[in-house]
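# Examining the three-dimensional arrangement
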Amino acid sequence: MNYWLFKSEPETWGWDAQVARGEAGEEWDGVRNYQARNNMRAMQLGDLGFFYHSIKEKRVVGVVRVIARAHPDSTTDDPRWECVDIAAVGPFPKPVTLDDCKAEPRLANMVLVNNTRLSVQPVTAEEWQIVCAMGGYRG
């Protein structure tokens, strides 16, 4: 299994909206960055990801699961852009902020800590375990 982080502006698409989609999930559409797109192309069914509220909140608020592999993004006719579908798995009992991650020495190499602008990014298994522990997530 691989782990990921999906960033979204909560005013545009937040955790509550993701949860409301239930098992049907939602396309992670609108991504227009090649590196983020390539990360989605590498995803497998069942991979888990952190759902991260960006902009003002800057915090991990929940866990999602990849339920459909990369496919054409329905929000554009441009064949370069693809997306995956994700479904909510569960909320973080205590959201983990970007500042929390930056303060944890074991997360010094985490992509989130070093490239806060990338909207879809990989997370190592060790980083996954550390952030889950920080947020009290027992999934």
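Up top is the structure.
Structure report, in brief.

Rules behind the numbers
- Residues numbered from 1 in each chain as written.
- Predicted model: local features only at pLDDT ≥ 70, side-chain atom pairs only at ≥ 80, totals over all residues.
- Heavy atoms only, no water.
- Phe/Tyr/Trp six-rings, centres within 6.5 Å; stacked < 30°, edge-to-face > 60°.
- Helix = DSSP H or I, 4+ residues; strand = E, 2+ residues; numbered from the N terminus.
- Buried < 20%, exposed > 50% of the residue type's maximum accessible area, 1.4 Å probe, protein only.
- Contact = heavy atoms within 4.5 Å.

### Section: the packing of aromatic side chains
According to the stated counting rule, one finds 8 aromatic pairs in the structure shown. On the numbers, 4.8 Å between centres and 35° between planes, the contact of Tyr 34 with Trp 81 is tilted. Note that Tyr 34 is positioned in helix H2 (residues 34–41) and Trp 81 in the loop between strand E4 (59–72) and strand E5 (82–97), a separation of 47 residues in sequence. By relative accessible area, which is 41% here, Tyr 34 ends up partly exposed.

### Quick notes on the side chain of Asn 39
Its location among the elements puts Asn 39 in helix H2. The contacts of Asn 39, once residues within four sequence positions are left out, are Trp 4, Leu 118, Val 120, Gln 121 and Pro 122.

### Let's talk about helix H5 (residues 125–135)
Residues spaced three or four apart along an α-helix point in a common direction, a consequence of the helix completing one turn every 3.6 residues. Among all positions in H5, only Glu 127, Trp 128, Ile 130, Val 131, Cys 132 and Gly 135 are buried. On the buried face of H5, the contacting elements are strand E1 (3–8), strand E3 (48–53), E4, E5, helix H3 (98–103) and strand E6 (120–123). Downstream of H5 by one or two residues, Gly 136 has phi in the positive range, about 70°.

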